[in-house]
Amino acid sequence: MLNLPFAIIGGTLALYLWGTNFSISAAVGYIAVFGVSVLDGVVLVSFIRQAISEDLGIREAIVRGCEMRFRPIIVTAIVAIIGFLPAALSHGIGAEIQRPLARVVIGGLISATAMTLPVLPAIYELLARRLERRQSIRAATS
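Residues numbered from 1 in each chain as written. Predicted model: local features only at pLDDT ≥ 70, side-chain atom pairs only at ≥ 80, totals over all residues. Heavy atoms only, no water.

## Some thoughts on the overall build of the protein chain
Secondary structure assignment for the protein chain yields 4 helices and 0 strands. Helices (α) and strands (β) of the protein chain occur, in sequence order from the N terminus, as α-α-α-α. Computed over the C-alpha atoms, the radius of gyration of the protein chain is 19 Å, more than 25% above the 14 Å expected from 2.2 N^0.38 for a compact globule of 142 residues. Projecting the C-alpha coordinates of the protein chain onto the three principal axes gives extents of approximately 70 × 25 × 20 Å. For the protein chain, buried positions account for 38% of its 142 residues. The contacts of the protein chain with a sequence gap of at least 6 include a subset with a gap of at least 24, amounting to 72%. By element, 68% of the accessible surface of the protein chain is carried by carbon and sulfur atoms, the whole surface being about 8600 Å². Taking the average location of the 12 positive side-chain charges in the protein chain and that of its 8 negative ones, the two points are 6 Å from each other. (Helix = DSSP H or I, 4+ residues; strand = E, 2+ residues; numbered from the N terminus. Rg over C-alpha atoms; globule rule 2.2 N^0.38 Å. Buried < 20%, exposed > 50% of the residue type's maximum accessible area, 1.4 Å probe, protein only. Contact = heavy atoms within 4.5 Å. Areas by Shrake-Rupley, 256 points an atom, 1.4 Å probe, with all protein chains shown as cover. Lys, Arg positive; Asp, Glu negative; His and termini not counted. Charge placed at Lys NZ, Arg CZ, Asp CG, Glu CD.)

Rendered as structure tokens:
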């Protein structure tokens, strides 16, 4: 869920830079980009948790997860961006419906993907260390 603000920022910035108004199709674009950005976060965090369960330290698990999931996350975003690019640049019949959706998805994917890889692992490490400290304090007081 931490990726949602990144997607919102990118989608909104894309609408602003392209001079496109918010519409129902732009809202549908936000829903689509939310799904992809949350999926990217889930893929990364699940791999990190799997590495931790294999007795790796938190930092090593995060590095391994980022190394192993970097390509799938980037490829997912690039494929979607390339797929929506013709719709974002179109001027034909019905373009006023598909343009806002495509522009939101492109902007949201760029920002969410760019922020998923450096920010999400950092936040995960902070939260994991905090949880680890709480558990060690509970064990010491019990």
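## Considerations on unusual backbone geometry
Where the residue is not glycine, phi is negative for most of them; where a peptide bond is considered, it is trans in most cases. Phi is positive for Asp55, close to 65°, though the residue is something other than glycine. Inspection of the secondary structure puts Asp55 in the loop between α2 (24-53) and α3 (58-89).

## A word on the confidence of the model for the protein chain
When pLDDT is averaged across the protein chain, the result is 92; 100% of the residues are at 70 or more. Per-residue pLDDT, averaged within each element of the protein chain, yields its smallest value for helix α4 (residues 95-141) (91) and its largest for helix α1 (residues 4-18) (95). (pLDDT = per-residue confidence, 0-100.)

## Notes on the packing of α3 against α4
The N-to-C vectors of α3 and α4 enclose an angle of 170°; their axes lie 8 Å apart at closest approach. It follows that α3 is roughly antiparallel to α4 by the angle criterion. (Axes fitted to C-alpha atoms, helices over the stretch in contact; angles between N-to-C directions. Parallel < 35°, antiparallel > 145°, perpendicular 65-115°, else oblique.)

## Points about the packing of aromatic side chains
Using the criterion set out here, one finds 2 aromatic pairs in the structure. Taking the centre distance of 6.1 Å and the plane angle of 40° together, the rings of Phe22 and Tyr30 count as tilted. Owing to a relative accessible area of 57%, Phe22 belongs among the exposed residues under this scheme. According to the relative accessible area criterion, Tyr30 is buried, its value standing at 10%. When the ring of Tyr30 is compared with that of Phe34, the centres are 6.1 Å apart and the planes differ by 45°; the resulting orientation is tilted. Pair noted here: Tyr30 and Phe34 are both in helix α2, with a separation of 4 residues, about one helical turn. Assessed through its relative accessible area of 24%, Phe34 is described here as partly exposed. (Phe/Tyr/Trp six-rings, centres within 6.5 Å; stacked < 30°, edge-to-face > 60°.)

## Overview of the side chain of Ser111
Looking at the secondary structure, you find Ser111 in helix α4. A distance of 2.5 Å separates a polar side-chain atom of Ser111 from the backbone oxygen of Phe6. (Polar contact = N/O pair within 3.5 Å; in protein donor to acceptor, adjacent residues only side chain to side chain.)

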